[in-house]
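Geometric and topological summary
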Amino acid sequence: MKSPEDKYKDLERIERQIREKETELRLRELENQMNADNAKVYQTVKHQPEKLEKPWQKKAILGAKLFALGVMAIVAVKVASFLAGIVIIGLLGFVAYKLFFDQNKHKG
């Protein structure tokens, strides 16, 4: 059997080995970080699309889109007003029917 002093020395030896391994790992990590910092850095350049379209073409396309959006808005307003007119006329007709032509008048 081992004496308590031998157990204590074994524990100290194991702790020392663990600390050494941790130190080695940390050194490797630092070395990897240093190597990563030495990576090549390239100068970036903004992508320049080919000059196929002329400036007036871009403006013409934008104008056509704006015109189409305006036409769609006008059509939407016309359709909405037509539907609102139908609903209003329907409700007025229903109220007029109930007021003047409904035979089931409640006597109270």
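Predicted, not measured: the structure shown is a model, and the values here were computed from it.

With that out of the way, let us pick up the overall build of the protein chain. Helix and strand counts for the protein chain come out as two helices and zero strands. Taken across its 108 residues, the protein chain has 1% of its residues classed as buried. In the structure as shown, the protein chain presents an accessible area of about 11300 Å², 65% of it carried by carbon and sulfur atoms.

A surface patch of nonpolar side chains, amounting to about 690 Å² of accessible area, comprises F67, V71, V75, V79, F82, L83 and I86. Here V75 lies in helix α2 (residues 55-101).

Applying the stated criterion across every chain, the model contains six salt bridges. The shortest N-O distance in the salt bridge between E5 and K9 comes to 3.8 Å. Taken as a pair, E5 and K9 lie in helix α1 (residues 4-37) at a separation of four residues, close to a single helical turn. Between E29 and R26 there is a salt bridge, and its shortest N-O distance comes to 3.2 Å. Linking E29 with R26, this pair stays in helix α1, spanning three residues, or about one helical turn. Classification of R26 as partly exposed rests on a relative accessible area of 43%.

Procedures and definitions
Residues numbered from 1 in each chain as written. Predicted model: local features only at pLDDT ≥ 70, side-chain atom pairs only at ≥ 80, totals over all residues. Heavy atoms only, no water. Helix = DSSP H or I, 4+ residues; strand = E, 2+ residues; numbered from the N terminus. Buried < 20%, exposed > 50% of the residue type's maximum accessible area, 1.4 Å probe, protein only. Areas by Shrake-Rupley, 256 points an atom, 1.4 Å probe, with all protein chains shown as cover. Patch = residues over 30% accessible without salt bridge, like charges linked within 9 Å, V, L, I, M, F, W, Y side chains within 5 Å. Salt bridge = Lys/Arg side-chain N within 4 Å of Asp/Glu carboxyl O.

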